[in-house]
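Reading the structure
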Amino acid sequence: MARWCYRHRLVVLLLWVGALFGLGFSASTAGTDYANVFSLPDTDSKKAYDLMEKAFPASAGDTDTVVWKVDEGSVRDQDVRSRIQPALEKIAGMKGVGGVTGPYAADAADAAQISGDGRIAYAQITFTEQANAVPKELVQDVVDTARDAGQGGLEVEVGGQAVQRVQEPPTGLAEMVGLAAAAVVLFLAFGSLYAMLLPLAVAVFGVGMGLFSTQLLSHVTDIPDLAPLLSSLIGLGVGIDYALFIVTRHRKGVLRGLDPEESTVVALNTSGRAVLFAGGTVCIALAGMLVTNLRFLDGVVIGTSLTVVLSVLAATTLLPALLGFLGARVLSRKQRRVLADGGTSRSSEVESGGGPEPEKESGPAARWSVGVQRRPKTIAALALAVMAVLALPVLSLRLGATDQGNDDASTTTRQAYDLLAEGFGPGFNGPLQVVVDGGDATALAQDIKNTPGVAQVAALPPASGVTVIQVVPTTSPQSAETDTLIDRLRDDVIPQAGAQAHVGGVTAVSKDFATVTGDRLPLFVATIIGLGFLLLLVAFRSLVVPLTAAVMNLVAAAASFGVLVAVFQWGWGLELLGLGKEGPINAFLPVIMLSLLFGLSMDYQVFLVSRMHEEWVHTRDNARAVRVGLAETSRVINSAALIMVCVFLAFVLSGDAGAAMAGVGLAAAVALDAFILRTALVPAAMHLLGDSNWWLPGWLEKRLPHLAVEPKEEAATPATVAAGEGPASVVHGYVRDTGGEPVEGATVALVARDGRELDRVTSLADGSYILSVPAPGTYLLATTAEPLLLKRVRQLTVTGEPLVHDVELEEGAEVS
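Residues numbered from 1 in each chain as written. Predicted model: local features only at pLDDT ≥ 70, side-chain atom pairs only at ≥ 80, totals over all residues. Heavy atoms only, no water.

**Details of the overall build of the protein**
Tallying secondary structure elements over the protein gives 26 helices and 18 strands in all. For the protein, buried positions account for 54% of its 816 residues. Summarising the internal contacts of the protein: among those between residues at least 6 apart in sequence, 77% fall at separations of at least 24. Only carbon and sulfur atoms are counted for the fraction: they give 58% of the accessible area of the protein, which is about 34100 Å². (Helix = DSSP H or I, 4+ residues; strand = E, 2+ residues; numbered from the N terminus. Buried < 20%, exposed > 50% of the residue type's maximum accessible area, 1.4 Å probe, protein only. Contact = heavy atoms within 4.5 Å. Areas by Shrake-Rupley, 256 points an atom, 1.4 Å probe, with all protein chains shown as cover.)

**What about the pattern of salt bridges?**
Taken as a whole, this structure holds 14 salt bridges when the rule is applied. Between Glu262 and Arg3 there is a salt bridge, with the nearest N and O atoms lying 2.8 Å from each other. Note that Glu262 is positioned in helix α10 (residues 260–287) and Arg3 in helix α1 (residues 2–7), a separation of 259 residues in sequence. With its nearest N and O atoms 2.9 Å apart, the salt bridge here joins Arg678 to Asp673. (Salt bridge = Lys/Arg side-chain N within 4 Å of Asp/Glu carboxyl O.)

**A closer look at the sheet that holds strand β7 (residues 454–459)**
Strands sit in the order β7-β8-β6-β9 across an open sheet of four strands; the sheet is antiparallel. With partners counted over all chains shown, the strands left at the sheet margins are β7 and β9 (500–504), one partner each. Within the sheet, the average angular offset between the axes of one strand and its neighbour, ignoring direction, is 20°. (Pairing = 2+ DSSP bridges. Axes fitted to C-alpha atoms, helices over the stretch in contact; angles between N-to-C directions.)

**Quick word on empty space enclosed by the protein**
Enumeration according to the criterion identifies three cavities of 30 Å³ or more in this entry. Quantified by volume, the largest cavity comes out at close to 60 Å³. Every residue lining the largest cavity is listed: Val525, Ile528, Ile529, Asn553, Leu554, Leu594, Leu597, Phe598 and Ser601. Elements supplying a minimum of two residues to the lining of the largest cavity: α19 (506–540), α20 (544–569) and α22 (589–619). (1 Å grid on protein atoms, 1.4 Å probe; cavity = no way out; pocket = protein on both sides within 12 Å on 5 of 7 lines; lining within 4 Å. Points joined across faces, edges and corners; volume = space filled by probe spheres on them.)

**Regarding the packing of aromatic side chains**
Enumeration over the complete set of coordinates arrives at seven aromatic pairs. An angle of 85° between the planes, with centres 6.3 Å apart, marks the rings of Trp16 and Phe205 as edge-to-face. Here the residue Trp16 occupies a position in helix α2 (residues 9–30), and Phe205 occupies one in helix α8 (residues 193–217), the gap between them amounting to 189 residues. Residue Trp16 is classed as buried on the basis of its relative accessible area, which comes to 8%. Ring centres 5.9 Å apart and planes at 20° place the aromatic pair Trp616 and Trp694 in the stacked group. (Phe/Tyr/Trp six-rings, centres within 6.5 Å; stacked < 30°, edge-to-face > 60°.)

**Some points on the nonpolar core**
Core analysis: the biggest nonpolar cluster contains 154 residues, and Ile240, Met289, Phe568 and Phe648 have the highest contact counts within it. Of all hydrophobic cores here, the second largest spans 29 residues; its members include Trp68, Ala87, Ile91 and Tyr104. (Core = buried A, V, L, I, M, F, W, Y, C linked by side-chain atoms within 4.5 Å.)

**A closer look at the confidence of the model for the protein**
Detailed reading of predicted coordinates is not advised where the pLDDT is low. For the protein, per-residue confidence averages 82 on the pLDDT scale, and residues scoring 70 or more make up 89% of the total. Mean pLDDT across the secondary structure elements of the protein bottoms out at helix α13 (residues 343–351), with 37, and peaks at helix α15 (residues 376–391), with 95. Long-range and interchain partners of residues 343–362, a stretch whose pLDDT sits below 50, account for 39 contacts in this model, where long-range means more than four residues apart. Ignoring residues within four places in sequence, the model shows residues 712–727, a span with pLDDT below 50, making 22 contacts including any to other chains. (pLDDT = per-residue confidence, 0-100.)

**Overview of the packing of α15 against α20**
Relative orientation of the contacting elements α15 and α20 amounts to 45°, with a least axis distance of 7 Å. It follows that α15 is oblique to α20 by the angle criterion. Considering only the axes of α15 and α20, their crossing is left-handed. Contacts between α15 and α20 pair Met387, Leu390 and Ala391 from the former with Val555, Ala556, Ala558, Ala559, Gly562 and Val563 from the latter. Split by residue class, the contact of α15 with α20 holds eight nonpolar, one polar and no charged. (Parallel < 35°, antiparallel > 145°, perpendicular 65-115°, else oblique. Left-handed = near helix turned anticlockwise from the far one by under 90°. Nonpolar A, V, L, I, M, F, W, Y, C, P; charged D, E, K, R; others polar.)

**Here we look at the side chain of Thr214**
Inspection of the secondary structure assignment puts Thr214 in helix α8. Its relative accessible area of 0% is what places Thr214 among the buried residues. Within the local environment of Thr214, its side chain forms a polar contact with the backbone oxygen of Gly210, the two atoms lying 2.8 Å apart. (Polar contact = N/O pair within 3.5 Å; in protein donor to acceptor, adjacent residues only side chain to side chain.)

**Let's talk about the packing of helix α4 (residues 78–92) against helix α5 (residues 136–148)**
Helix packing geometry: the angle between the two helix axes and the distance between the axes. It is at 9 Å that the axes of α4 and α5 come closest, and there the two elements cross at 170°. Regarding the angle of α4 to α5, the classification is roughly antiparallel. Across the interface between the two elements, Ala87, Lys90 and Ile91 from α4 touch Val142, Thr145 and Ala146 from α5. Of the residues belonging to the contact of α4 with α5, the class tally is four nonpolar, one polar and one charged.

**Some details on helix α24 (residues 657–689)**
The sharpest bend along α24 reaches about 50° and sits at Leu677. Of all 33 residues in α24, 29 are buried; the element is thus mostly enclosed. Just downstream of α24, Gly690 is the residue with a positive phi angle, here 65°. (Bend = angle between axes of the 7 residues up to and from the residue.)

**Some points on α19**
With 35 residues, α19 extends 48 Å from end C-alpha to end C-alpha; this agrees with the ideal 51 Å at 1.5 Å per step. If you look at α19, its biggest bend is around 40°, right at Leu521, and the proline Pro522 turns up within four residues after that. Looking one or two places after α19, you find Arg541, whose phi comes out positive at around 50°. (Expected span 1.5 Å × (residues − 1).)

**Examining a negative patch on the surface**
Residues Glu137, Asp141, Asp144 and Asp148 make up a contiguous surface patch of negative charge. If you trace the backbone, Asp144 turns up in helix α5. When its relative accessible area of 33% is taken as the criterion, Asp144 is described as partly exposed. (Patch = residues over 30% accessible without salt bridge, like charges linked within 9 Å, V, L, I, M, F, W, Y side chains within 5 Å. Lys, Arg positive; Asp, Glu negative; His and termini not counted. Charge placed at Lys NZ, Arg CZ, Asp CG, Glu CD.)

**Describing the sheet that holds strand β4 (residues 154–159)**
Spatial ordering of the open sheet is given by β2-β3-β1-β4, a layout of four strands whose pairing is antiparallel. Two strands lie at the open edges of the sheet, namely β2 (97–101) and β4, each paired on one side alone. Between one strand and the next, the sheet's axes are offset by a mean angle of 20°, whatever the strand orientation. Two elements, strand β1 (residues 63–70) and strand β3 (residues 120–127), share seven bridges in a ladder whose sense is antiparallel. Residue Trp68 lies in a different strand from β3, and its bridge partner there is Ala121.

**Some points on the environment of Leu313**
As for its position among the elements, Leu313 is in helix α11 (residues 295–326). The sequence separation of Leu313 and Val202 amounts to 111 residues, and the corresponding C-alpha distance is 9.3 Å. In contact with Leu313, other than residues within four places in its own chain, are Trp16 and Leu318.

**Observations regarding the environment of Ser115**
The residue Ser115 is located in the loop between β2 and β3 in this model. Its relative accessible area of 3% is what places Ser115 among the buried residues. Note: C-alpha distance between Ser115 and Lys69 (46 residues apart in sequence) is 9.8 Å. When residues no more than four places from it in sequence are discounted, the contact partners of Ser115 are Ile120, Gly423 and Phe424. Here the side chain of Ser115 touches Arg119 through a polar contact of 3.4 Å, landing on its backbone nitrogen.

**Let's talk about the pairing of β1**
Of all eight residues in β1, seven are buried; the element is thus mostly enclosed. As paired elements, β1 and β4 share six bridges and run antiparallel to each other. Looking across to β4, one finds that Val70 is bridged to Leu154.

**Concerning a nonpolar patch on the surface**
Residues Val184, Phe187, Leu188, Leu193, Tyr194 and Leu197 make up a contiguous nonpolar surface patch of about 590 Å² in total accessible area. Among the secondary structure elements, those contributing two or more residues to the nonpolar patch are α7 (173–190) and α8. Checked against the element boundaries, Val184 lands in helix α7.

Put into structure tokens, the structure is as follows:
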């Protein structure tokens, strides 16, 4: 498939462009129909909602609020009325506004819309559509008209779901900032403008088509308005990372002298397979949310999984086509000049199984890997201490729901929320609805009024045998005291009154959602951890490696949630980030974060351990396997993680509290996972565990299916041996000078007796090297360190087993 996409690159590109614009046109024509379904079957709040819907059919439109306050006097004063009333009448006459209910009507009941001290009042605006369908131009006109009346000691603010939409930053701002940050990291990693653009293009196509598809699906199933933001967040991260892995492999192939087409095919057949595996694990992890049986999360699973699938499809089809357009320009100018200078000898080297020198692993990465090997206990202890300190706040984790009280203090929605709380009490922004369908409603209302924690009680006229009692708590909707009041009403007050009643309302729904989510969270965690254990068990044929990964996933989750609690629940740095007021953690966030963290950490674990496993299979030397695997993968893992962190943090600018919370939480999770766990704690633990890392009982080995993340090497045959292909063994060891010090950067080559170079590598910071041997036989091992003008050639006889051979460099040349 990769070869076909490469050769038919124009067709592939046109198909992707046509699909993107086609879906975009269809989505813009159809509009959106997102729905936040928080209610849960068999909960008290759901029973209350069902009774209310039957007895009091709700208005189809969204209801927002205009709040005003005078510095002196009363809102009843004529000069205040003369400014507010015309504004309310103008709003009522706007097309799309169903009606306005204010405190200045002749009906005395409207006096309830004026605070006890007479300084604050509010009016309710009912639109003819739900908040997502109300045109932003209409909402902006309402806001401007209302706030224009607030001058000279009169403050006017507007709150509500429709109003909250117009104060959000421009759509796509977070995505653009994330892409810009990722572009900087990619350019620094590749040193090439064209190579930098490839992952960005793949991410844009994958996320764009995912968002348009999700928008269309919102018309046939319940998808929350948070789903597109989360889809963008995870889609940009994985889309860029997956393309980064493939492009990195392709560039190495071109640098080794492969034709760009062959290099593309090899990259897709190796890294492309890993991308398919990684994308599959992310989708499986996201699907794990379905075990919670929360309808709100079903739409999130659909949107995010679809975006991940399309991002993987773009990386495996569109990317080869784009690589075909670029050819050798995927390399930096310096790298292209190096290849051009060595062009006369390159073809013969390729034919003989060799090639130009591959890219060298970074010095700092190799030195760090050696340092981890030398001090595994110290590094493991420090990494664990850091993660433990960051995880401490998770002990005070409280799930709930954010509302407009968590908006930034400068927004009109937050100011309207605060004015209502000031004038009518903190609980006014989240009243409870006690729905009575049997028993004495009047006696129950009196009992509720006498309950501690209740500020106001008002029984509405009954309809169809159902009475609704509005209960205003003395505390805010997000406070723990309000949760306690709901429990008290359900467990004590209602049963003692002998009534058949249920406690509903937005605040009660949020509490029930948080309770159910918390109860089902252990099952969800067990499911995804168990799934990860099985996948790694099959992939690496080891019990200890997947067990270590499971523990590390739990450590990463605890630390990232600790950061989340410290920032959003305790308020550390909220003002600096411009994220409003502290409050509980959104109840759905742990499930979403754990799903994404599981999928992403699996990517890094597979990428890291697969290289270690390859070394272990060849050498049976655990210390070397861990050291070489870390040295050769840490740079790519850290670059990929840095891109993810940039993309996730950019969603702080989204204007959506839930998306900002998810962005900060996921950025912390990825940073801790990549920079501390995979770079320090995992390799240190594997050094300490030694050969037991790769232990697997024989009976289990026979029963496990074989899962190849990358294609298996073909066994050596006479034909492949003659061509210098199909490595059957390895030679490995250390390069040192006459003083016993390791030599970094020495060139070590395996040469056949007829003079053909079969393999060539560069020694790492500790002097280690490893060469592939095509078949048993006698070879020459040539070692050169140019800066020291040192060279040594030795004859070796290799059997079918790995050969350990250390090299001591001396001036001049020696053959023996």
